[in-house]
Protein chains: 2
Amino acid sequence: MSGPNVVELIDRKKRGGELSAEEIAYLCRGFTSGAVPDYQVASWLMAVCWRGMTAPETLALTLAMVDSGERLDWSGLDRPTVDKHSTGGVGDKTSIVLVPLMAAAGAAFVKMSGRGLGHTGGTLDKLEAIPGFRCNLPLDEMRAQVARIGCALVGQSPELVPADARLYSLRDVTATVDAVPLIASSIMSKKLAGGAQTVVLDVKWGSGAFMRTVEEARTLAAELVRIGEGAGRRTRAVLSPMREPLGCAVGNALEVREAIDTLNGAGPDDLWRLTLELGAHQLLLSGLAASVEEGRATLARLRGEGAGARKLEELIEAQGGDPAVVRDPGVMAAAPHVEPLPAESAGWIAAADAREIGIAALELGAGRRVKTDPVDPAVGVVVSARIGDRVVAGQPLAHVHARDAASAARAAARLRAAFQVAPDAVEKPDGGYEIIG
Amino acid sequence: MSGPNVVELIDRKKRGGELSAEEIAYLCRGFTSGAVPDYQVASWLMAVCWRGMTAPETLALTLAMVDSGERLDWSGLDRPTVDKHSTGGVGDKTSIVLVPLMAAAGAAFVKMSGRGLGHTGGTLDKLEAIPGFRCNLPLDEMRAQVARIGCALVGQSPELVPADARLYSLRDVTATVDAVPLIASSIMSKKLAGGAQTVVLDVKWGSGAFMRTVEEARTLAAELVRIGEGAGRRTRAVLSPMREPLGCAVGNALEVREAIDTLNGAGPDDLWRLTLELGAHQLLLSGLAASVEEGRATLARLRGEGAGARKLEELIEAQGGDPAVVRDPGVMAAAPHVEPLPAESAGWIAAADAREIGIAALELGAGRRVKTDPVDPAVGVVVSARIGDRVVAGQPLAHVHARDAASAARAAARLRAAFQVAPDAVEKPDGGYEIIG
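Residues numbered from 1 in each chain as written. Chains lettered and ligands numbered in written order. Predicted model: local features only at pLDDT ≥ 70, side-chain atom pairs only at ≥ 80, totals over all residues. Heavy atoms only, no water.

A. Just the domain arrangement of chain A, in detail. Taken domain by domain, chain A consists of domain 1 (6–52), domain 2 (81–326) and domain 3 (334–422). Here the C-alpha centroids of domain 1 of chain A and domain 3 of chain A sit 44 Å apart. (Domains from an automatic or database assignment.)

Here is the structure:
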């Protein structure tokens, strides 16, 4: 007769009631140990989709998931620890720009990332376009690297939050993925276990993002911030729209190249602005800047001095990759077929649908339909016309980087539908960010 | 890639959509075969609690459950087949009165019943108070008996609707028992597989019933009738309140005695009126009477002639029991301690809570807390004051039939709280029935 009655817990949630932190911890531990069978957890998950979770319940679930594994302890470091999470988008290579810059600014930044699935890419797949780069570092090696150079770009450590992967697998097959408290506790459990004092969340919304509307993004961001603050971390969310890809490149080596360009002072404006925004809040929250403005200035100065690019070289070298890539991205694989997608008419770009462009890159081989698919590092799409741009007929809207002519043609057909050219002027997206927390 | 995507089916129900009959059948077959794992079914069940099921979905689920096992075929009989189901209540011995009377009236009536659990008894437990009585007849033997004498009172055959027991077990541990479409499809699947052309449903509501309010009872009744009619059966529901026990006796041998008394022309009014009402509708729907009034008259005449009592003797004899019980209920076990519960004050009976009286009988040993508990055939409670009755101080409100003095005292304490005596006159329940279908 130890522990609560699980049927009563499910029933209470089903009726809209609240579970105590101890009851949630019991469910989570029982799920991990097998003492609470999957069918009871599945029923509870659907009841959570129905009734939601209170803030204390969500925090309790997050902490219980953290308790399922190891936590990283950075108390021996002499610099503030920062982390970020992006809810994922098309062309999102922000981590590759931000992590070395923040380390150059004096923070310790271990970014654990995932692989791509569906229309969105994954930072690990992108990094592995760099010859020799290793994402899976043993915890000891990662700790030593961070002590030495201040940063690491690695895969999610399996020692951290094992309950999360297991719970996600169950959610995936029980149609219970899209409940905000479950999404939020999954994200934040990994951030809490990662041990950083400051967490900045990059929450995207729009056709190319996981959250389709700004309202959904706000709800998730508020939940993430509430959990982070509830667990004693300095937490803030930066909301940004994802109507078109972030930056121009979509595809692994192509995105690494764009991230390097950005660290080298070039690269697309939107990527740099988002990097500055996320980093400035990290610097402010971790005490390395007195204001967001000062934070932005610090990062811009470090980029100008080449400190970010040099730090990325150090990181790549530490993780077994060829650091020459930072000076010559040509060391990465390139696609044999590069073909332009010409505009069929003159006008203004009204849409460059991120999701469709992501799917075009996926179909070229840059991504995965299922977890076991291999990815092709070389292929992808580079967009050359952004929403609000004026184009003339025949001007390239994008370039397709393909393995062969047939796949290039298929991608071009999909891309053609992703772009809309309007006869009248279209305003550029304002790029203003909404800050929560 | 055969069959629909189960995650998509769950997700559709979760969003309030509808599944096709084929999709429901796929889920039900997959559940039975194990091809659809319990955790997916559990998640779908909770989504059904949330969003409900449409009438076509509920019918499809019922038919799919019927398809999981055998069906009885009565096409060789020369008499109309009838069936009934009661949603369960305290003191409900109606089947023992109704089944032989209906057979005497020319119908074929196989009543499959269950065992008691919690505060409600089960017809099988009651019948087994008759020395030698066997409830579990092989299908062949049951068929032969019905051809010969027109009736049988038996346990639910495991060959019929095996999916129901399996699904109920999962609902029981996932807090998904109380969804009306799931309750209704469970009930009706067994009626459909039982093969009767006419089904009359005895739906009770109130403190002693499964449905607490008349609105809940109406909802369930409408669903039951819709399924039955949808499956081509003549189906009708009779709603009745259950504020106090049905009849006076609560406990196995005590209830059999009361059923026999009723067939012999005595017995409590409310039990006889409900029996008449259910039977009259069965006679009307199956063409054995031209009106409900004629049906009632037929049954009253048969009782007066002793035809019901003689048929019950035949039935008991056919099923191995001692038919002498019909003339002398004293052949059944009797409790050694019988003690009155005297009224503490004079007045009118305002409450005789069926649920509490059922629990008192359970605690005396007449029922089961868990499925494996044995039952004591002799013990129970006989109520002697009904709602609206005027009582004087010291007059017995009930008699406790107990195994020993200690358990009698415990039951008396609970019974005391079940009765309320008001200083002013209380109206008798009007006993009007609501008919649906």
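Right, picking up where we left off after that structure.
B. Representation of the pairing of strand S8 (residues 347–352) of chain B within the structure. Residues and elements named next belong to chain B. Counted residue by residue, S8 has five buried out of six residues, so it is predominantly covered. Direction of pairing for S8 relative to strand S12 (residues 419–422): antiparallel, over a ladder of four bridges. Its bridge partner being in S12, alanine 351 is matched across the sheet by glutamine 420. (Buried < 20%, exposed > 50% of the residue type's maximum accessible area, 1.4 Å probe, protein only. Helix = DSSP H or I, 4+ residues; strand = E, 2+ residues; numbered from the N terminus. Pairing = 2+ DSSP bridges.)

C. Geometry of the state of the cysteines. Tallying each qualifying case throughout the model produces zero disulfides over all chains. Between Cys49(B), a cysteine without a disulfide, and Cys49(A), which holds the nearest cysteine sulfur, the sulfur-to-sulfur distance is 14 Å. Judged by relative accessible area, Cys49(B) falls into the buried class, the value being 15%. (Disulfide = S-S within 2.5 Å.)

D. Spatial organisation of the relation of the copies chain B and chain A. With an RMSD of 0.1 Å, chain B superimposes on chain A once it is rotated by 179° and translated 0.0 Å along the axis. Here the symmetry operator amounts to a two-fold rotation axis. The position closest to the rotation axis in chain B is occupied by the C-alpha of Tyr39(B), lying 2.0 Å away. When you check the interface residues of chain B against chain A, 100% turn up at the interface there too, and the contact is symmetric in its surfaces. (Least-squares fit on C-alpha atoms with pLDDT ≥ 70 in both. Contact = heavy atoms within 4.5 Å.)

E. Representation of the interface of chain B and chain A in the model. With 21 residues of chain B in contact, the opposing surface of chain A contributes 21 residues. Around 1,700 Å² of area is buried between chain B and chain A when both sides are counted, 67% of it from carbon and sulfur atoms. Residue Asp178(A) is joined to Arg15(B) by a salt bridge in which the shortest nitrogen-to-oxygen separation is 2.7 Å. Listed by contribution, the elements that provide at least two residues to the side of chain B that touches chain A are helix H1 (6–14), helix H3 (38–51) and helix H8 (162–173) of chain B. (Buried area = accessible area lost by both parts, 1.4 Å probe. Salt bridge = Lys/Arg side-chain N within 4 Å of Asp/Glu carboxyl O.)

F. Broad picture of the environment of Ala307(A). For Ala307(A), the position within the fold is in helix H14 (residues 307–318). Placed 205 residues apart in sequence, Ala307(A) and Met102(A) show a C-alpha to C-alpha distance of 9.9 Å.

G. Focus on H8(B). Of all the residues in H8(B), the buried ones are Ala163(B), Asp164(B), Leu167(B), Leu170(B) and Arg171(B). Down the axis of H8(B), the sector holding all buried residues measures 130°, keeping them to one side. For H8(B), the elements touching its buried residues are helix H3 (38–51) of chain A together with helix H2 (21–33), H3, helix H4 (55–66) and helix H9 (180–194) of chain B. Of the residues flanking the end of H8(B), it is Ala175(B), one or two places downstream, whose phi is positive at about 55°. (Arc of directions from axis to C-beta.)

H. Representation of the nonpolar core within the structure. Counting 91 residues, the largest nonpolar core has Val41(A), Trp44(A), Met142(A), Val41(B), Trp44(B), Val110(B) and Met142(B) as its most contacted members. Not counting residues up to four positions away in its chain, the partners in contact with Val110(B) are Trp74(B), Val82(B), Asp83(B), Met142(B), Val146(B), Ala152(B) and Val154(B). (Core = buried A, V, L, I, M, F, W, Y, C linked by side-chain atoms within 4.5 Å.)

I. Examining the pattern of salt bridges more closely. Under the definition given, this model contains 66 salt bridges over all chains. Look at the salt bridges and you will find they share partners, linking Asp11(A), Lys14(A), Arg15(A) and Asp178(B) into a network.

J. View of the sheet that holds strand S1 (residues 81–86) of chain A. Residues and elements named next belong to chain A. Strand order in the open sheet formed by six strands is S3-S2-S1-S4-S5-S13, and the pairing between neighbours is mixed. Where the open sheet ends on each side, the last strands, each with one partner, are strand S3 (151–155) and strand S13 (434–436). Geometrically, the sheet is characterised by an average inter-axis angle of 20° between neighbouring strands, direction not taken into account. As defined by bridge partners, strand S5 (residues 234–241) adjoins S13 across three bridges and the pair is classed as antiparallel. Looking at S13, one finds that valine 238 is bridged to isoleucine 435. Those strands touched by helix H5 (residues 94–104) are S1, strand S2 (108–113), S3 and strand S4 (198–205), and its axis lies near 150° from that of S3. Set on the sheet, helix H10 (residues 214–230) makes contact with S4, S5 and S13; between it and S5 the angle comes to about 170°. (Axes fitted to C-alpha atoms, helices over the stretch in contact; angles between N-to-C directions.)

K. Spotlight on the packing of H9(B) against helix H10 (residues 214–230) of chain B. Residues and elements named next belong to chain B. Put simply, H9 and H10 touch, their axes get as near as 9 Å, and they point 45° apart. With respect to each other, H9 and H10 are oriented oblique. As H9 packs across H10, the resulting crossing turns out to be right-handed. In contact with Val180, Ile183, Ala184, Ser185, Ile187 and Met188 of H9, H10 contributes Thr219, Leu220, Glu223, Leu224, Ile227 and Gly228. Tallied by class, the residues present in the contact of H9 with H10 amount to eight nonpolar, three polar and one charged. (Parallel < 35°, antiparallel > 145°, perpendicular 65-115°, else oblique. Left-handed = near helix turned anticlockwise from the far one by under 90°. Nonpolar A, V, L, I, M, F, W, Y, C, P; charged D, E, K, R; others polar.)

L. The packing of aromatic side chains, seen in detail. Summed over all chains, the structure comprises one aromatic pair over all chains. On the basis of an interplanar angle of 0° and a centroid distance of 6.0 Å, the ring pair of Trp50(A) and Trp50(B) is categorised as stacked. Highlighted residues: Trp50(A) in helix H3 and Trp50(B) in helix H3, drawn from two different chains. Between Arg166(A) and the ring centre of Phe31(A), over which it is positioned, the NZ or CZ distance is 4.3 Å. (Phe/Tyr/Trp six-rings, centres within 6.5 Å; stacked < 30°, edge-to-face > 60°. Lys NZ or Arg CZ within 6 Å of the ring centre and 35° of its normal.)

M. View of the sheet that holds strand S9 (residues 380–383) of chain B. All names here are of chain B. Pairing is antiparallel across the open sheet formed by four strands, whose spatial order is S6-S9-S11-S7. Bordering the open sheet on either side are strand S6 (249–250) and strand S7 (337–342), each of which pairs with just one other strand. The sheet strands contacting helix H16 (residues 405–418) are S7, S9 and strand S11 (396–402), and the helix crosses S7 at an angle near 25°.

N. How the structure looks around the side chain of Lys311(A). Positionally, Lys311(A) belongs in helix H14. Within the structure, the side chain of Lys311(A) is placed 2.9 Å from the backbone oxygen of Ile149(A), a separation counted as a polar contact. (Polar contact = N/O pair within 3.5 Å; in protein donor to acceptor, adjacent residues only side chain to side chain.)

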